[in-house]
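Structure at a glance
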Amino acid sequence: MSKLTAIVKRKIAFYEMDAIRMVWHGNYVKFLEEGREAWGEQFGLSYMQIFNNGYVVPVVDLHIQYKNSAYMGDVLVIETTYVPCKAAKLQFEYHIYRESDGATIIKATSTQLFVTADGQFDPSTPDFVSNWRNTHNV
């Protein structure tokens, strides 16, 4: 099986800081989203492609382990890796680390389910996802 990982770099801005001068913990959820969007664009399964096939993929499970703090001016590297599974869901693992010293900032996982445009959970894998998995050997 192929390992599908996208990498995004971002510099921490002042507005992402909290009162104690580190990145506010809630901002990491946005950073994970940035990683998922980059991953989808790189590997041909973007949110718009999913939407254009009649689905949305809300996050239903999210786990974050905070390892170190990040500060204004740090450049963070967001690695987003697809976790293959046969079920009708998308699973990802994340590693966010500081570019300057390689220190792990967070590790995380997420799960997204396929929901039709009218809001109904679809327990079967959509055909376009099965085709995508076959094309990418995952």
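To start, this report covers the structure provided alongside it. The structure presented is a predicted model; accordingly, all values stated were derived computationally and were not measured.

1. Thoughts on a nonpolar patch on the surface
Residues Val29, Val59 and Leu62 make up a contiguous nonpolar surface patch of about 200 Å² in total accessible area. Within the secondary structure, Val59 sits in strand E3 (residues 59–66). Among the residues examined, Val59 registers a relative accessible area of 39% and is labelled partly exposed.

2. A few points about helix H1 (residues 27–43)
The first and last C-alpha atoms of H1 sit 25 Å apart over 17 residues, in line with the 24 Å expected at 1.5 Å per residue. When H1 is considered as a whole, its buried residues turn out to be Asn27, Tyr28, Phe31, Leu32, Gly35, Arg36, Trp39, Gly40 and Phe43. Positive phi shows up at Gly44, right after H1, with a value of about 75°.

3. So, the environment of Phe43
Tracing the backbone shows Phe43 in helix H1. Sequence separation between Phe43 and His136 is 93 residues; the distance between their C-alpha atoms is 8.5 Å. With near-sequence residues (within four places) excluded, Phe43 lies in contact with Leu4, Thr5, Ala6, Trp132 and His136.

4. Remarks on the side chain of Thr104
As for its placement among the helices and strands, Thr104 is situated in strand E6 (residues 104–113). A distance of 2.8 Å separates the side chain of Thr104 from the side chain of His95, its partner in a polar contact. Thr104 has contacts with Lys67, Asn68, His95, Ile96 and Tyr97, leaving out every residue within four places of it along the chain.

5. A closer look at the packing of aromatic side chains
The description of two aromatic rings rests on the distance between their centres and on the angle between their planes. With the rule as written, the count across this model stands at 12 aromatic pairs. Arranged with centres 5.8 Å apart and planes meeting at 70°, the rings of Tyr28 and Tyr66 form a pair that is edge-to-face. One end of the pair, Tyr28, is in helix H1; the other, Tyr66, is in strand E3, with 38 residues separating them in the sequence. Among the residues examined, Tyr28 registers a relative accessible area of 2% and is labelled buried. Judged by relative accessible area, which is 41%, Tyr66 ranks as partly exposed. Taking 6.4 Å as the distance between ring centres and 90° as the angle between the ring planes, the aromatic pair formed by Phe114 and Phe128 counts as edge-to-face. On the criterion of sequence distance, the pair formed by Phe114 in the loop between E6 and strand E7 (115–116) and Phe128 in helix H3 (residues 127–136) is long-range, its members being 14 residues apart. For the pair formed by Phe114 and Phe128, the shared burial category is buried. Connected via pairs of aromatic rings, a cluster forms that spans Trp39, Phe43, Tyr82, Phe92, Tyr94 and Trp132.

Rules used throughout
- Residues numbered from 1 in each chain as written.
- Predicted model: local features only at pLDDT ≥ 70, side-chain atom pairs only at ≥ 80, totals over all residues.
- Heavy atoms only, no water.
- Patch = residues over 30% accessible without salt bridge, like charges linked within 9 Å, V, L, I, M, F, W, Y side chains within 5 Å.
- Areas by Shrake-Rupley, 256 points an atom, 1.4 Å probe, with all protein chains shown as cover.
- Salt bridge = Lys/Arg side-chain N within 4 Å of Asp/Glu carboxyl O.
- Helix = DSSP H or I, 4+ residues; strand = E, 2+ residues; numbered from the N terminus.
- Buried < 20%, exposed > 50% of the residue type's maximum accessible area, 1.4 Å probe, protein only.
- Expected span 1.5 Å × (residues − 1).
- Contact = heavy atoms within 4.5 Å.
- Polar contact = N/O pair within 3.5 Å; in protein donor to acceptor, adjacent residues only side chain to side chain.
- Phe/Tyr/Trp six-rings, centres within 6.5 Å; stacked < 30°, edge-to-face > 60°.

Honestly, that's just the spatial picture; any functional story needs more than this.
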